[in-house]
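Each chain, letter by letter, is given below.
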Amino acid sequence: MRLSRRITIMLAGAVLATGIAGSGAPAVARDPAPGVADLTRDLDQILADSRLAPARAGVAVRAAATGEDLYSLDADKLFAPASNTKLLTSAAALDTLGTDFRFTTDVLAAAKVGRTVAGDLTLRGTGDPTMLAADYDALAAKVAAAGVKAVTGRLVADDTWFDDVRLGTDWTWDDEPYYYAGQISALTAAPDTDYDAGSVIVSVAPGDGPGKAAKVSTTPATGYLKIVNRAVTGDETDVLVERQHGTNTVVVSGTVSEPYDEWVAVWDPTLYAATLFREGLTRHGVKVLGPTVRGTAPAKAATVASRRSMPLGDLLVPFLKLSNNMHAEILTKTMGRKVSGTGTWAAGLAVTTAFAQTNGVKTLRLRDGSGLSRVDALTPAGITALLAAVRGKPWFPTWYAALPIAGEAERMVGGTLRSRMGGTAAAGNVHAKTGSLTGVTALSGYVTSADGEPLVFSIISNGYLSGPPRDLEDRIAVRLARFTRKAAVDETSDETAARGVAPGSSPRDAAATSPQRSADDLECSWLKPVRC
């Protein structure tokens, strides 16, 4: 039976009506080792935090090699996982597509290529999220290098590798203009090497004097957007950059005293990519007489120019380190295209679900590949089962290295954990995926104990009212890094470091002075530098 886009991708084995209710007491594994009892006591104490009183928290900790449960709190309950969903998506993509998989973007012509191409020129994509304006320009240069000066027909944009459903089923309409919820297309473009596919950077800078119009530019420079500039030069920077829903009109308002950048998703990335390519053709002296249209490449069209992306093994780094939603969704549709010949969410999620089932995830509900949907549901136990199971996969070293690493300041090493757990036993040790939506925070991954024992863990909190309790995640991860089966552990120094508290100061001092404090209370994906 053909899956409808609206059908929830589910794995039988749990009744979902009861899976998101209730919170129970920790079920502690029976183990004579004194260190396990000490770990249980300490994690219980951390999770007794008052912020979790009206909320729900699920925690699972296992020995990676044996599967032994070291700690469990509501580990079999379903939680909204946010970007922890990307653990399943990325692992399934590696297993299905392979580390050497590359996207291709081609320029095709049915007619003989000479000084004049009699007929259409087709730009065909397969979903490459790494295409930059420079790459479309390079394709245009190759067309010009083939001797082409004119195309008598149209420029055809072929995005039929995927379906034409651009946004996820449960994504909120007011997220639509933001880069983290960009539209999914087989033809797209990114503004920089973070590869936020389907977006542009709108830059606002002071004008010629106080009260004068601000200067607005875009990266890439393109005529695809219509900029309405109402911003002026002032004593402070308080700028609003807003793309009007359903259009490519961007209104810039407010005051600016220093340069300010905002990432904005475009409306219709297919035509955006085609515009970049057509602008490149013009720069290289190739004139297309007809309009830009959507269509499908002729069956016997010849390749005029082509580009292959970096391999998937390399793409994992910006994907997982920076938690890129668009990469997750593009890979989901790509898996569907490879396995069933259909580049849809339903087909791709069926692949991810089957992979998860094979690797120990007994209960799940998936509506997208990124976790942007609030209907996605995973269990901490399922996540840890997956984490343990994939350790034997040939692609595991590549995947493990691509996960964010605690306390590593380099952006493409530490990723979303670069400013967390520094100076603790977890720094350089914890490889884990963050997750964040309003009212949702998660951290799941790997840590090596003080005994050198590999552990897997998953921590998910839903429904808290005040700031996200990420410090509790950090304290748990640090405690696991110091776990030993031999003796009790004094966690005081590392616990303080995990909270970001300087020696001699209090947690309240840290909260008052932390430069990220205000960002922590917001949806982290809304703020490009935070990016969870």
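Cut-offs and rules
Residues numbered from 1 in each chain as written. Predicted model: local features only at pLDDT ≥ 70, side-chain atom pairs only at ≥ 80, totals over all residues. Heavy atoms only, no water. Helix = DSSP H or I, 4+ residues; strand = E, 2+ residues; numbered from the N terminus. Buried < 20%, exposed > 50% of the residue type's maximum accessible area, 1.4 Å probe, protein only. Contact = heavy atoms within 4.5 Å. Areas by Shrake-Rupley, 256 points an atom, 1.4 Å probe, with all protein chains shown as cover. pLDDT = per-residue confidence, 0-100. Core = buried A, V, L, I, M, F, W, Y, C linked by side-chain atoms within 4.5 Å. Salt bridge = Lys/Arg side-chain N within 4 Å of Asp/Glu carboxyl O. Pairing = 2+ DSSP bridges. Axes fitted to C-alpha atoms, helices over the stretch in contact; angles between N-to-C directions. Phe/Tyr/Trp six-rings, centres within 6.5 Å; stacked < 30°, edge-to-face > 60°.

S.K.: Looking at this model, I keep getting lost on the overall build of the protein chain. Mind explaining?
M.R.: Along its length, the protein chain carries 15 helices and 23 strands. Looking at the protein chain residue by residue over its 532 residues, the buried ones come to 56%. For the protein chain, restricting intrachain contacts to residue pairs at least 6 apart in sequence, the fraction spanning at least 24 positions comes to 70%. About 20,900 Å² of surface is accessible on the protein chain, with carbon and sulfur atoms providing 53% of the total.

S.K.: Any chance you could explain the confidence of the model for the protein chain here in plain terms?
M.R.: When pLDDT is low, close inspection of the predicted coordinates is not appropriate. Residues with a pLDDT of 70 or more make up 85% of the protein chain, whose mean pLDDT is 88. Note that pLDDT drops below 50 for residues 500-526; the model gives that stretch 31 contacts with residues more than four away or on any other chain.

S.K.: Whenever I open this one, the nonpolar core confuses me. Can you help?
M.R.: Buried together is how nonpolar side chains tend to be arranged in soluble globular proteins. Leu 88, Val 390, Trp 399 and Tyr 446 are the most contacted members of the largest nonpolar core, which totals 58 residues. Looking at this core element by element, the count peaks at 7 residues for helix H3 (residues 85-97). Apart from the residues within four sequence positions on either side, Leu 88 is in contact with Thr 352, Phe 355, Ala 356, Leu 364, Leu 366, Leu 378 and Leu 386. Ranked by size, the runner-up nonpolar core spans 40 residues in total, among them Val 107, Ala 140, Val 250 and Ala 273.

S.K.: Whenever I open this one, the pattern of salt bridges confuses me. Can you help?
M.R.: A side chain of one charge can pair with a side chain of the opposite charge when the charged atoms of the two come close. Per the stated rule, a full pass over the model turns up 24 salt bridges. A salt bridge links Arg 62 to Asp 69; the shortest N-O distance between them is 3.2 Å. Its relative accessible area of 37% is what places Asp 69 among the partly exposed residues. Arg 485 is the partner of Glu 68 in a salt bridge, and the nearest nitrogen-oxygen pair spans 2.8 Å.

S.K.: Is there a simple way to think about the environment of Asn 229 in this case?
M.R.: Tracing the backbone through its elements, the reader meets Asn 229 in strand S11 (residues 226-229). By relative accessible area, Asn 229 is classed as partly exposed at 32%. Put simply, Asn 229 and Ser 253 are 24 residues apart on the chain and 6.6 Å apart in space, counted from C-alpha to C-alpha. If sequence neighbours within four positions are ignored, Asn 229 has contacts with Ala 213, Ala 214, Val 216 and Val 252.

S.K.: What am I meant to see in the sheet that holds strand S5 (residues 116-117) here?
M.R.: One key point about sheets: their strands pair by backbone hydrogen bonds, in either a parallel or an antiparallel sense. Read from one edge of the open sheet, 3 strands run S5-S7-S16, paired in parallel fashion. What marks the edges here is a single partner per strand, and that holds for S5 and strand S16 (287-288). Two elements, strand S7 (residues 150-151) and S16, share 2 bridges in a ladder whose sense is parallel. By the bridge assignment, Val 151 is partnered in S16 with Val 288.

S.K.: What's the story with the sheet that holds strand S15 (residues 260-265) in this structure? I'm lost.
M.R.: Read across the open sheet, the 3 strands follow the order S10-S9-S15; overall the sheet is antiparallel. Because the sheet does not close on itself, it has two edges, and the strands there are strand S10 (215-219) and S15. Taken over all neighbouring pairs, the strand axes of this sheet differ in orientation by 25° on average, direction set aside. Of the strand pairs in this sheet, strand S9 (residues 199-205) and S10 are connected by 5 bridges, and their pairing is antiparallel. When the sheet's bridge partners are listed, Ala 205 is paired in S10 with Lys 215.

S.K.: Whenever I open this one, the packing of aromatic side chains confuses me. Can you help?
M.R.: For any two aromatic rings, the description comes down to two numbers: the centre-to-centre distance and the angle of the planes. In total, this model carries 12 aromatic pairs according to the counting rule given. Taken together, a centroid distance of 6.3 Å and an interplanar angle of 50° make the contact between Phe 396 and Trp 399 tilted. Within this pair, Phe 396 and its partner Trp 399 are both found in helix H10 (residues 396-402), separated by 3 residues, close to a single helical turn. Comparing Phe 396 with Trp 399, the two get one shared label, buried. Each ring, one from Trp 399 and one from Tyr 446, has its centre 6.3 Å from the other, and the planes form 85°; the classification is edge-to-face. Here Trp 399, found in helix H10, pairs with Tyr 446, found in strand S22 (residues 440-448); they are 47 residues apart in sequence, far enough to count as distant. Like Tyr 446, Trp 399 is buried. These aromatic residues form a ring-pair network of at least three members: Phe 355, Trp 395, Phe 396, Trp 399, Tyr 400 and Tyr 446.

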